[in-house]
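Chains, contacts and geometry: an overview
Single-letter residue listing:
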Amino acid sequence: MYETIYHRASSVAEAANLMGTAAEGKYLSGGMTLIPTMKQRLAAPSDLVDLRHIAEMKGIAVDGRSVRIGAATTHEEVATSAALASVCPAICGLASHIGDPHVRHMGTIGGSIANNDPAADYPAAMLALDAVIVTDRREVKAEDFFTGLFETALEDGEIVTAVRFEAPAKAAYQKFPNPASRYAMTGVFVVRRADGGVRVAVTGAGSDGVFRHRDLEAALAANWSPGAVTNVKVDDSDLLSDIHASAAYRANLVKVMTKRAVAAA
Amino acid sequence: MGVEGIGARVARKEDKRFLTGKGRYTDDMVVPGMKYAVFVRSPHAHATIRSIDATSAKSMPGVIDVLDGKQLLADGIGNLICGWMIHSKDGSPMRMGAWRPLAHETVRYVGDAVAIVVADSVAQARDAAEAVVVDYETLPVVTDTLQALSEGEPQIHPEAPGNLIFDWELGDAGAADQAIAAAAHVTELKIINNRLSPNAMEPRATLGIYDAGDDHFTCYTTSQNPHLARLVMSAFYNVAPENKLRVIAPDVGGGFGSKIFIYPEEIVCLWASKRTGVPVKWTADRTEAFLTDAHGRDHVSTVKMAFDSNNRITALKVDTIANLGAYMSLFSSCVPTYLYATLLSGQYAIPAIHANVRTVYTNTAPVDAYRGAGRPEATYLLERTIETAARELGVSPAELRRINFIRTFPHQTPVIMNYDAGDYEASLKGAMEAADWDGFAARKAEAERRGMKRGIGMSCYIEACGLAPSAAVGSLGAGVGLWESAEVRVNAVGTIEVMTGSHSHGQGHETTFAQVVAERFGVPIDSVNIVHGDTDKVQMGMGTYGSRSGAVGMSAVFKALDKVEAKAKKIAAHLMEADEGDIVIEDGALKVAGTDRSVPWSQVALASYTAHNLPPGMEPGLKEGAFYDPSNFTFPAGCYICEVEVDPETGQTKIVQFVAADDFGNIINPLIVEGQVHGGLAQGIGQALLEGVHYDQSGQLLTASYMDYAMPRADDLPSFTVTTSNTPCPSNPLGVKGCGEAGAIGSPPALINAITDAIGNNELTMPATPQKVWAAVHSAH
Ligand SMILES: Cc1cc2nc3c(=O)[nH]c(=O)nc-3n(C[C@H](O)[C@H](O)[C@H](O)COP(=O)(O)OP(=O)(O)OC[C@H]3O[C@@H](n4cnc5c(N)ncnc54)[C@H](O)[C@@H]3O)c2cc1C
């Protein structure tokens, strides 16, 4: 790791200020991605601005079916929130399968979506839930937020402060983990709204990161049942291919995970 | 058996230290003035070095020096060696290319060490290492085992034309060919044994200390065999003569073979310590471990197994190409030859066997012994082949094995080994009963109703360990003898220290060796200390690998105990004015048999040191040493049964049960033996299901972290059913066989046989990842 200066911010405004004065600063949340990257000397921020101690960025609020999760909320807090489980247990289940207990107690939802790892779990949930990503400057729909591999709509110095979404009638997440990293080799988050609208978001498989599968959505909107998936063709030309899984295999997993998610929802 | 004697289920003495973070590993060692080393490593798999410029690196903060291979060569430090000579079938010696501890002419794999930076801190050394400018001219690369032998591929070492190191054979080709031609049935298979990264929990580390006052070196290192390290560094690398080089391997956090070998780093750190005048410590990070620890396996083979009309095997013919990587590591040549082809008879009476083995250089990390070393390769090949044959012949896999079992001992195979004892039927029966083999059909039907494909597979392994009779291995090309030494020192108060040349890096010697002593003298194991891992404390030893510590190391202790016992009895007889022949040792005392006369053990010990009243002419003291050279290998064997469920939609395999029925001879500590089996099974299952090293076309290692290299985790594994049915080994005084590697040797074929049974497709290579199994399921239709 190269030398760096650590700052602990106590408010969003202070964090933004600290970042403004840093030469090449980076926000630090759980550090579960950033710190290993720094240890491998692949990142060398001059300053780290720690967001974990900012009260306004923490905690889960459930009001009717409206959900707000502070960006500095850990995966463990999401996994074990009774309030959240009562309206959207799927996201609790998702959080409970991220990494291991150490990672879950440190890693945050804000860090995860800001990082937008193509194999991360939360981006699929955000996209399927039609969530709004709240920053210190604006609100961005998930649809517009995730823009590519490790790419987001965040501007320089912009801070994710929370995410908001309306809990749907039904939702479920099915993840097929990579045998080595246990990140998603393919993960599918399905949502069905009370009005019958369906969203299917896929992570781990897309060569451009998380994406919605419109054909699966259409098929499930017409017939919300696992069997509805059977005849949908999943094109593998835009899917990732690596030593763990070919695009064709991932295409298969997209269908199987969708089917199982619908069954579980 | 006493409560802590042979056969007792005693908890490991060393675990308190390990579990409370009080272990003392090489990286824990701190000496005054110590500095830190980082190696500059090649980012290319094959390149010529035009120049190395360390000018700016040397001027960076905290940097003491940057040293390269030219300086090393100028100081007379030698190349690394391979310690086992193999001759090709045309009589020519193996073609060994030069392996320089620091490359200054050519680099041959990603990670090849080019220079060492010594600095005040690791961070400063890293910064400076990045600033060393190495001008490389890249060369074409070959990483694939088969491709390395093809025409027009890059030439890796000038000494080995066509990248062929040797072309060796064992057995009678004519007899095998004849039997195959006359066979009623021949099963043919192509078998690939995947390349593995050893992944000891503790990465390699070394601390080189040069004492200019005494012109003496001390080397702390993560070694499985510190004496061998000293011998090789003295005799071949010209680091220092043995009397001026002390090697200490303190607590070592796992080796699995990878810490047998002498690597460039310990030599270079010792040399750098002398050059810079400061102690130099280096600890590998995990990426370096993936890049530079010697890998395991990597064979491509074809096999033919011939049967007569009674389903008896008449011949086995094997052709293997083994990838040894960019350089020949210390024992790399014996692994795919004498540790492999000699086991190709398995548990079966096979009249004719022939194996041809070619070894090749590639632009990959060196490949050497890894848990099992050669025997897993033989077992995987044989047990997949016989399972395939059973399917082709329409005979149950158990029956086909039974028909061919060796049933009388000793048994001379056509490939050198002479099996001394065993009862293969007993293990087979034990495993089948434990696995409820007969209930499988019902379980399969039930799984089918859930949409799951259930399969069952077995593997009957044999291995040769307890390495090894010195004269025998010498005649086969070994550069060393494989005996072991021990010294038993009884202190004046009766406590006991045992010096052993075996090295414990997870095996539990501090407990099991103490149990052997406790058994003999009736003392508690707490009063017995096992001393190992330091060339200044233990005179000589050959270390731990090849499941040799019990059969060879403990036997040396046993012999030394014989001598101590004899002397103690003489002293006791003298003290009690009894006949030496009437003295027995019971409950910590020496007694005159059939009387109530006795002296406590501690009093005999004290008497030996006060020397006030010893038998006439007897030397004072109670300390004896012994060397033990085994008369044969030991032959642990067993039957493993694996049952799996495959999810046909995802290709995910779940192991629903795993039964291991082993024959380990006499058992010193069942708890430790079970632990060894569990660990071995986890490693074998890891190989079969998860692990695999991948290089890309340009020789970059794609599996250089745990993000991409899949290690087995607890939830990948079932709860193991482990049983034993033991035939004592007649070849050593304790009747023990090795148990350290069996799990890793026997398990991969059982698992792959189970998966191929489940999916009805035999075209499957290890690791059987979900993707591969899914593809195999779908191409089976
Ligand atoms: C062993 C291991 C296993 C894992 N397994 C999984 C898994 O199965 N699934 C999964 O989804 N993830 C997994 N992760 C990643 C984990 O979820 C991380 O917590 C997450 O990716 C990053 O969150 P963090 O809070 O640690 O962010 P950090 O590492 O602190 O930051 C990540 C990046 O986001 C930026 N950032 C952080 N917070 C904000 C913010 N509020 N606003 C703007 N930018 C910000 C940082 O500057 C940095 O660039 C794993 C990680 C590890 C170490």
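Residues numbered from 1 in each chain as written. Chains lettered and ligands numbered in written order. Predicted model: local features only at pLDDT ≥ 70, side-chain atom pairs only at ≥ 80, totals over all residues. Heavy atoms only, no water.

1. Remarks on the domain arrangement of chain B
Residues and elements named next belong to chain B. Along its sequence, chain B is carved into domain 1 (15-20 + 483-628), domain 2 (31-139 + 202-253 + 259-292) and domain 3 (385-465 + 633-779). The gap between the C-alpha centroids of domain 1 and domain 2 is 40 Å. Between domain 1 and domain 2, the residue contacts involve 17 residues of the former and 16 residues of the latter. Interface area for domain 1 against domain 2, summed over the two sides, is near 1,500 Å², with a carbon-plus-sulfur share of 53%. Here domain 1 and domain 2 share 3 salt bridges between them. Between Arg246 and Asp534 there is a salt bridge, with its nearest N and O atoms 2.6 Å apart. On inspection of domain 1 and its partner domain 2, the count reaches 10 residue pairs in polar contact (both at pLDDT 80 or more). (Domains from an automatic or database assignment. Contact = heavy atoms within 4.5 Å. Buried area = accessible area lost by both parts, 1.4 Å probe. Salt bridge = Lys/Arg side-chain N within 4 Å of Asp/Glu carboxyl O. Polar contact = N/O pair within 3.5 Å; in protein donor to acceptor, adjacent residues only side chain to side chain.)

2. Some words on the packing of aromatic side chains
Per the counting criterion, the structure on display carries 23 aromatic pairs over all chains. With a centroid separation of 6.2 Å and 75° between ring planes, the pair formed by Tyr109(B) and Tyr327(B) is classed as edge-to-face. Pair noted here: Tyr109(B) is in the loop between strand S4 (106-107) and strand S5 (113-119) and Tyr327(B) is in the loop between strand S14 (313-323) and strand S15 (352-360), with a separation of 218 residues, a long-range link. Residue class for Tyr327(B) comes out buried when judged on its relative accessible area of 1%. Summarising the aromatic geometry, the rings of Phe409(B) and Tyr424(B) are spaced 5.6 Å apart at their centres and angled 80° between planes, so their arrangement reads as edge-to-face. Here the residue Phe409(B) occupies a position in the loop between helix H10 (397-404) and strand S16 (411-412), and Tyr424(B) occupies one in helix H11 (residues 424-434), the gap between them amounting to 15 residues. You can call Tyr424(B) buried: its relative accessible area is 3%. Through a chain of ring-to-ring contacts, three or more aromatic side chains come together here, namely Tyr348(B), Phe405(B), Phe409(B) and Tyr424(B). For the cation-ring pair, Arg41(A) lies above Tyr2(A), with the distance from its terminal atom to the ring centre recorded as 4.0 Å. The cationic tip of Arg204(B) hangs over the ring face of Tyr263(B); the distance from NZ or CZ to the ring centre is 3.6 Å. (Phe/Tyr/Trp six-rings, centres within 6.5 Å; stacked < 30°, edge-to-face > 60°. Helix = DSSP H or I, 4+ residues; strand = E, 2+ residues; numbered from the N terminus. Buried < 20%, exposed > 50% of the residue type's maximum accessible area, 1.4 Å probe, protein only. Lys NZ or Arg CZ within 6 Å of the ring centre and 35° of its normal.)

3. Notes on the pattern of salt bridges
Evaluation of the coordinates by the stated rule reveals 69 salt bridges over all chains. In this structure, the salt-bridge partner of Glu143(A) is Arg199(A), at a minimum N-O distance of 3.2 Å. Within this pair, whereas Glu143(A) is found in helix H9 (residues 142-145), its partner Arg199(A) is found in strand S13 (residues 198-203), the two being separated by 56 residues in sequence. With a closest N to O distance of 3.3 Å, Asp319(B) and Arg358(B) form a salt bridge. Placement of the pair is Asp319(B) in strand S14 and Arg358(B) in strand S15, with a sequence separation of 39 residues. Looking at Asp319(B), the relative accessible area reads 25%, which means it is partly exposed. Note on Arg358(B): relative accessible area 24%, which makes it partly exposed. Each of the salt bridges in this network shares a partner with another, and the network as a whole consists of Asp130(A), Lys141(A), Glu143(A), Arg199(A), Arg212(A), Arg214(A) and Glu217(A).

4. A short note on unusual backbone geometry
Residue and element names in this part refer to chain B. In this model, Leu467 is joined to Ala468 through a cis peptide bond whose omega is -15°. Mapped onto the secondary structure, Ala468 falls in the loop between strand S18 (453-462) and helix H13 (470-475). Here Met766 and Pro767 are connected by a cis peptide whose omega angle stands at -10°. Of note in the backbone geometry, Asn238 takes a positive phi value of approximately 65° without being a glycine.

5. So, the pairing of strand S11 (residues 245-248) of chain B
Residue and element names in this part refer to chain B. Bridge analysis of strand S10 (residues 216-221) against S11 gives 4 bridges, and the strand direction is parallel. Counterpart to Phe217 in the pairing with S11 is Leu245. Taken together, S10, helix H6 (residues 226-235) and S11 form a β-α-β motif whose crossover is right-handed. (Pairing = 2+ DSSP bridges. Right-handed = clockwise from strand over helix to strand, strands pointing away.)

6. Brief notes about the nonpolar core
In this structure, Ile116(B), Met233(B), Leu344(B), Ile641(B) and Ile755(B) are the most contacted members of the largest nonpolar core, which totals 176 residues. With 9 residues, the single largest contributor to this core is helix H18 (residues 742-759) of chain B. Ignoring sequence-local partners within four residues, the contact set of Met233(B) consists of Cys219(B), Asn238(B), Val239(B), Ala240(B), Leu245(B), Val247(B), Ile262(B), Glu266(B), Ile267(B) and Leu270(B). Counting residues in each nonpolar core, the second largest holds 52 residues, with Met19(A), Leu51(A), Val67(A) and Ala142(A) among its members. (Core = buried A, V, L, I, M, F, W, Y, C linked by side-chain atoms within 4.5 Å.)

7. Notes on the site of the ligand
Residues and elements named next belong to chain A. Around the ligand there are 30 residues in total, and Tyr27, Ser29, Gly30, Gly31 and Thr108 lie nearest to it. Between an oxygen atom of the ligand and a main-chain N or O atom of Gly30, the distance comes to 2.7 Å. The contact in question runs from an oxygen atom of the ligand to an N or O atom on the backbone of Ser112, over 3.4 Å. Calculation on the ligand without its partners gives an accessible area of 960 Å², and the protein chains cover 90% of this total. For the shell around the ligand, the secondary structure elements donating two or more residues are strand S2 (25-28) and helix H7 (109-115). Residue classes in the shell around the ligand are distributed as 14 nonpolar, 11 polar and 5 charged. (Near = heavy atom within 4 Å. Areas by Shrake-Rupley, 256 points an atom, 1.4 Å probe, with all protein chains shown as cover. Nonpolar A, V, L, I, M, F, W, Y, C, P; charged D, E, K, R; others polar.)

8. A few points about the interface of chain A and chain B
Facing the 21 residues of chain A at the interface are 23 residues of chain B. Scanning the region where chain A abuts chain B turns up 7 salt bridges. A salt bridge links Asp127(B) to Arg41(A), with the shortest nitrogen-to-oxygen separation between them at 2.3 Å. At the surface where chain A touches chain B, the tally comes to 14 residue pairs in polar contact (both at pLDDT 80 or more). Broken down by element, the side of chain A that touches chain B gets its largest block of residues, 8 residues, from helix H11 (residues 247-264) of chain A.

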